[in-house]
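# Overview (structure and organization)
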Amino acid sequence: MRRTRVSGWARGANNRAASTALPEGFARDLVNLDARPDGTMALRPGQRKIYDGEAVTLAAAYGGGVVVVDGAELLRISRSGARETLGAVNPGPAAAAVHNDELFLSCGLQALRYDGRSLVEWGCDRPHARVSIGAGGALVAGVYKIAVTRDDPRSGESGAEVMGVSLSGGEALAVTVTEPVYLYLTAPNGKTLYRQAQLAPGTHTITSVTDDGERLSTAHKCRPPAGHIVASCGARLAIAEGNVLWLTEPFVPHLVDPIAGFFQYPARITNAIPVEGGLFVTADKTYYLSALDSEAPAQATVANIGAIEGTGVELPDGTAAWFGEYGLTLGAPGGAISWPHRETYTSNNAVAGAAGYVDRSGVRAVVASLNRGVTHSAAGTQDYCDLEIERL
């Protein structure tokens, strides 16, 4: 009589060893099953459909429901399946992250933020002013720096482009704006820009400068770009745009520094996964960014390999996980990484994927759906994904 083994799989899956000579404690593949610590198997929990989309590119948990990008629609789906349309977006790839209880979204070329009540632009463009020199003023000779900012009710004060004007004495400045702005000026030959007034649309003559107003803190800053990855890391948001990682200003999520507020890599960024006190970035290699709440974040290379795009996931204990050449990778605060299944499991050259964390009945696992890059086959199929479950 043939006997069927019902236990003895405590070590999980192994696809490196020959299928005819698996080491003790391993299974070749696990489909819809989880290996328990006692060696037995448990059927993975099922699911309940709450939304049937047509072109879904994002599903982000927020506010007890799910915010979904489906084609050109941004929707909020409750757990019961109730649907609310939040607005129209650019169709295509999308990304999002929750930061300070708000959802920050990137949809195509759009950057948006949603607080559970209203959807608005993520930041605002810098306003422009036309400046000319007029006679009959009391401004003394020297070089004056000038800037204007827009006050956004949701984000705060915009960034500013700083201009310089040289006066020979006894002159005035004529400032023309097309929208309400705050005007900032320096003293002659000064460096600090002080707020002078709030200007209505039109042309205004400036004949004197005060130096007791609020100082400009957003000079040369601009709104964040849209990107294919958005991550919340401490006091900043990280936005991956191709091979460039932008960091918003500390505690100011609507501004970035276009001069020094980014890191550039030799290849496209595939993951940006926050941990306590830092951020793992995968591109051509794996990097760790630290001191993110300071004015000068630091970076170190922690592995000479990259990772599969889209497989990064934050774990409840403050660490990070992603999939790469050696299967599941774990990243700890401080930059230490490990490959717990390096000798037993490989991701088989997957090119992209998605991952999530599951904790059920004592089984903690990272579940990943991996795309092997197969687009056409002799059988006429298009697209191919595979599911991998790595127990922690």
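Coordinates for the structure precede this section.
Residues numbered from 1 in each chain as written. Predicted model: local features only at pLDDT ≥ 70, side-chain atom pairs only at ≥ 80, totals over all residues. Heavy atoms only, no water.

So, on to the environment of Trp339. Structurally, Trp339 is set in the loop between β32 (337-338) and β33 (352-360). Residue Trp339 is classed as partly exposed on the basis of its relative accessible area of 25%. Sequence separation between Trp339 and Gly324 is 15 residues; the distance between their C-alpha atoms is 9.4 Å. With sequence-adjacent residues up to four places away left out, Trp339 is seen in contact with Ala303, Ile305, Tyr326, Leu328 and Thr329. Reaching out from Trp339, the side chain makes a polar contact with the side chain of Thr329 at a distance of 3.2 Å. (Helix = DSSP H or I, 4+ residues; strand = E, 2+ residues; numbered from the N terminus. Buried < 20%, exposed > 50% of the residue type's maximum accessible area, 1.4 Å probe, protein only. Contact = heavy atoms within 4.5 Å. Polar contact = N/O pair within 3.5 Å; in protein donor to acceptor, adjacent residues only side chain to side chain.)

On inspection of all chains with the given rule, the structure shows 7 aromatic pairs. Between Tyr326 and Trp339, the ring centres sit 5.3 Å apart and the planes meet at 80°, which makes this aromatic pair edge-to-face. Taken together, the residues Tyr326 in the loop between β30 (320-324) and β31 (327-331) and Trp339 in the loop between β32 and β33 connect sequence positions 13 residues apart. Over the face of the ring belonging to Tyr182 we find Arg195, whose NZ or CZ atom lies 3.7 Å from the ring centre. For the cation-ring pair, Arg342 lies above Trp339, with the distance from its terminal atom to the ring centre recorded as 5.3 Å. (Phe/Tyr/Trp six-rings, centres within 6.5 Å; stacked < 30°, edge-to-face > 60°. Lys NZ or Arg CZ within 6 Å of the ring centre and 35° of its normal.)

Moving on, we come to the nonpolar core. The nonpolar side chains of a soluble globular protein tend to be buried with one another. One finds Leu245, Tyr265, Leu279, Val281 and Leu289 to be the most contacted residues of the largest nonpolar core, which totals 17 residues. When residues of this core are traced back to their parent elements, those giving at least two are β20 (229-233), β21 (236-241), β22 (244-249), β26 (278-282) and β27 (286-290). Among the elements that take part in this core, β20 stands out by supplying 3 residues, more than any other. Excluding residues that lie within four positions of it along the chain, Leu245 makes contacts with Ala238, Ile239, Ala240, Gly261, Phe262, Phe263, Tyr265, Ile269, Ala272, Leu279, Val281 and Leu289. Core analysis: the next-biggest nonpolar cluster, separate from the first, contains 15 residues, Leu139, Val165, Leu167 and Val175 among them. (Core = buried A, V, L, I, M, F, W, Y, C linked by side-chain atoms within 4.5 Å.)

Spatially, β3-β4-β5-β6 is the arrangement adopted by the 4 strands of the open sheet, whose pairing is antiparallel. The open sheet terminates on both sides in strands that have one partner only, identified here as β3 (56-62) and β6 (83-88). Geometrically, the sheet is characterised by an average inter-axis angle of 20° between neighbouring strands, direction not taken into account. Bridge count for β3 against strand β4 (residues 65-70) is 6 bridges, and the pairing is antiparallel. Pairing of Val56 across the sheet is with Asp70, part of β4. (Pairing = 2+ DSSP bridges. Axes fitted to C-alpha atoms, helices over the stretch in contact; angles between N-to-C directions.)

Let us look at the sheet that holds β32. Read from one edge of the open sheet, 4 strands run β29-β30-β31-β32, paired in antiparallel fashion. In this open sheet, the two edge strands, each paired with only one partner strand, are β29 (313-314) and β32. In terms of strand pairing, β29 meets β30 through 2 bridges, oriented antiparallel. Residue pairing in the sheet places Glu314 in a bridge with Ala320 of β30.

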